[in-house]
Amino acid sequence: MLPDRCSVMEEGKQCVNPPEFIVSIVAEQDEYMFGVTCQKHKKIVSGKIGVLQNEGKILNGKIIFSPVKAVGTDCVHGDSDDFVQIDMKPSKN
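This report concerns the structure included in the present document. (Residues numbered from 1 in each chain as written. Predicted model: local features only at pLDDT ≥ 70, side-chain atom pairs only at ≥ 80, totals over all residues. Heavy atoms only, no water.)

### Some remarks on a nonpolar patch on the surface
For step 1, the next point in the chain: A cluster of nonpolar side chains, Leu2, Met33 and Val68, forms an exposed patch at the surface whose accessible area comes to about 240 Å².
For step 2, the next point in the chain: Tracing the backbone through its elements, the reader meets Met33 in strand β4 (residues 30-37).
For step 3, the next point in the chain: You can call Met33 exposed: its relative accessible area is 51%. (Patch = residues over 30% accessible without salt bridge, like charges linked within 9 Å, V, L, I, M, F, W, Y side chains within 5 Å. Areas by Shrake-Rupley, 256 points an atom, 1.4 Å probe, with all protein chains shown as cover. Salt bridge = Lys/Arg side-chain N within 4 Å of Asp/Glu carboxyl O. Helix = DSSP H or I, 4+ residues; strand = E, 2+ residues; numbered from the N terminus. Buried < 20%, exposed > 50% of the residue type's maximum accessible area, 1.4 Å probe, protein only.)

Okay, structure coming up:
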């Protein structure tokens, strides 16, 4: 499952655009998902990741933008019987 919105926040507000790209970093033979972004924020995300990599805050590697492909199915259905109510009671420690 992916978020239903772009991962970017502008002026403290979440971007309302749907994700168009999965952002990942490829380092050596591994690939790490970093987030999702829309077309509007693609360049901003790339620049921010580059800055974080230069500061040593995230893994160095190649930044990859993979297009999100929508897939529809009618084989998964949910109804109220699929949900479980869990009552949390404070423990006595």
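What follows continues from the structure just given.
### Details of the sheet that holds β4
The strands making up a sheet are joined through hydrogen bonds of the backbone, oriented either antiparallel or parallel.
For step 1, the next point in the chain: The three strands are arranged β4-β3-β5 in an open sheet whose pairing can be described as antiparallel. Because the sheet does not close on itself, it has two edges, and the strands there are β4 and β5 (62-67). Averaged over all pairs of adjacent strands, the angle between their axes in this sheet comes to 30 degrees, without regard to strand direction.
For step 2, the next point in the chain: By the bridge criterion, seven bridges tie strand β3 (residues 21-27) to β4 in an arrangement that is antiparallel. When the bridges of β4 are listed, Val26 appears paired with Glu31.
For step 3, the next point in the chain: Set on the sheet, helix α1 (residues 42-54) makes contact with β3, β4 and β5; between it and β5 the angle comes to about 155 degrees. (Pairing = 2+ DSSP bridges. Axes fitted to C-alpha atoms, helices over the stretch in contact; angles between N-to-C directions. Contact = heavy atoms within 4.5 Å.)

### Details of α1
For step 1, the next point in the chain: For α1, built from 13 residues, the straight-helix expectation of 18 Å at 1.5 Å per residue is met to within 8% by its first-to-last C-alpha distance of 19 Å.
For step 2, the next point in the chain: Considered for burial, the residues of α1 that qualify are Val45, Ile49, Gly50, Leu52 and Gln53. Summarising the axial view, the buried residues of α1 lie within an arc of 165 degrees, below the 170-degree limit, and thus occupy one face. The exposed set on the far side of α1, more than 90 degrees from its buried face, consists of Lys43, Ile44 and Asn54.
For step 3, the next point in the chain: Contacts made by the buried residues of α1 are with β3, β4 and β5. (Expected span 1.5 Å × (residues − 1). Arc of directions from axis to C-beta.)

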